[in-house]
Amino acid sequence: MEMLESSLKKHRSDDVLSMCIIMWVKAIRNVTQLFSELLYLSVTSLAADSARVIRIVVGRSEIDLTQIKSHYMMQYNKQLQLAVQQKCGNDLSYSNIIALIIKN
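Residues numbered from 1 in each chain as written. Predicted model: local features only at pLDDT ≥ 70, side-chain atom pairs only at ≥ 80, totals over all residues. Heavy atoms only, no water.

(A) Here's a closer look at the overall build of the chain. Per the secondary structure count, the chain includes 7 helices and 0 strands. If you list the helices and strands of the chain from N to C, you get α-α-α-α-α-α-α. When each of the 104 residues of the chain is scored for burial, the buried share is 32%. A separation of at least 24 residues holds for 49% of the contacts in the chain among residues at least 6 apart in sequence. (Helix = DSSP H or I, 4+ residues; strand = E, 2+ residues; numbered from the N terminus. Buried < 20%, exposed > 50% of the residue type's maximum accessible area, 1.4 Å probe, protein only. Contact = heavy atoms within 4.5 Å.)

Following this line, the structure appears as structure tokens:
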């Protein structure tokens, strides 16, 4: 699967279909890692992608959010809850709710 992913990145990195296939391969390989990576990209971008953070946290809260939090901590050496609060703290209306969901 890694060969497929690297091959797609080399040859067709600008193609939407190849990007979808890469995401699909990542999800098959390790869905927890995929969501951890997406959350990291969302909170480290110049403008926080609060819609993506909300979708992932709420959508995965009853499935595997605990594993995603653990993987996030191992991969990026930072608590997911703190990362979300620091980057998205300006919008307190959802930041506190998302932080509570992550905490529990």
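(B) Representation of helix α5 (residues 65-76) within the structure. Taking 1.5 Å of rise per residue, 12 residues should cover 16 Å, and α5 covers 16 Å from first to last C-alpha, within 8% of that figure. Three or more residues of α5 are buried, namely Leu65, Ile68, His71 and Tyr72. Down the axis of α5, the smallest arc covering the buried residues is 120°, so these residues share one side. Across from the buried face of α5, at angles greater than 90 degrees, the exposed residues are Thr66 and Met74. Asparagine 77, located one to two residues past α5, shows a positive phi value of around 55°. (Expected span 1.5 Å × (residues − 1). Arc of directions from axis to C-beta.)

(C) Representation of the packing of aromatic side chains within the structure. The final tally for this structure, using the stated rule, is 3 aromatic pairs. A centroid spacing of 6.3 Å and a plane angle of 55° characterise the contact between tyrosine 40 and tyrosine 72, whose relative ring orientation is tilted. Highlighted residues: tyrosine 40 in helix α3 (residues 31-44) and tyrosine 72 in helix α5, separated in sequence by 32 residues. By relative accessible area, which is 1% here, tyrosine 72 ends up buried. When the ring of tyrosine 72 is compared with that of tyrosine 76, the centres are 5.0 Å apart and the planes differ by 55°; the resulting orientation is tilted. In this pair, tyrosine 72 and tyrosine 76 both sit in helix α5, 4 residues apart, roughly one turn of the helix. (Phe/Tyr/Trp six-rings, centres within 6.5 Å; stacked < 30°, edge-to-face > 60°.)

(D) Main features of the pattern of salt bridges. Counted by the stated rule, this structure contains 3 salt bridges. Between lysine 26 and glutamate 37 there is a salt bridge, with the nearest N and O atoms lying 2.9 Å from each other. You can see lysine 26 sitting in helix α2 (residues 16-29) and its partner glutamate 37 sitting in helix α3, a full 11 residues away along the chain. (Salt bridge = Lys/Arg side-chain N within 4 Å of Asp/Glu carboxyl O.)

(E) Structural context of the packing of α2 against α3. Relative orientation of the contacting elements α2 and α3 amounts to 125°, with a least axis distance of 5 Å. Taken together, α2 and α3 sit at an angle that is classed as oblique. Of α3, the residues touching α2 (which contributes Met23, Lys26, Ala27 and Arg29) are Val31, Leu34, Glu37 and Leu38. In terms of residue class, the contact of α2 with α3 is built from 5 nonpolar, no polar and 3 charged. (Axes fitted to C-alpha atoms, helices over the stretch in contact; angles between N-to-C directions. Parallel < 35°, antiparallel > 145°, perpendicular 65-115°, else oblique. Nonpolar A, V, L, I, M, F, W, Y, C, P; charged D, E, K, R; others polar.)

In short, the description is geometric, and any link to function would need to be established separately.
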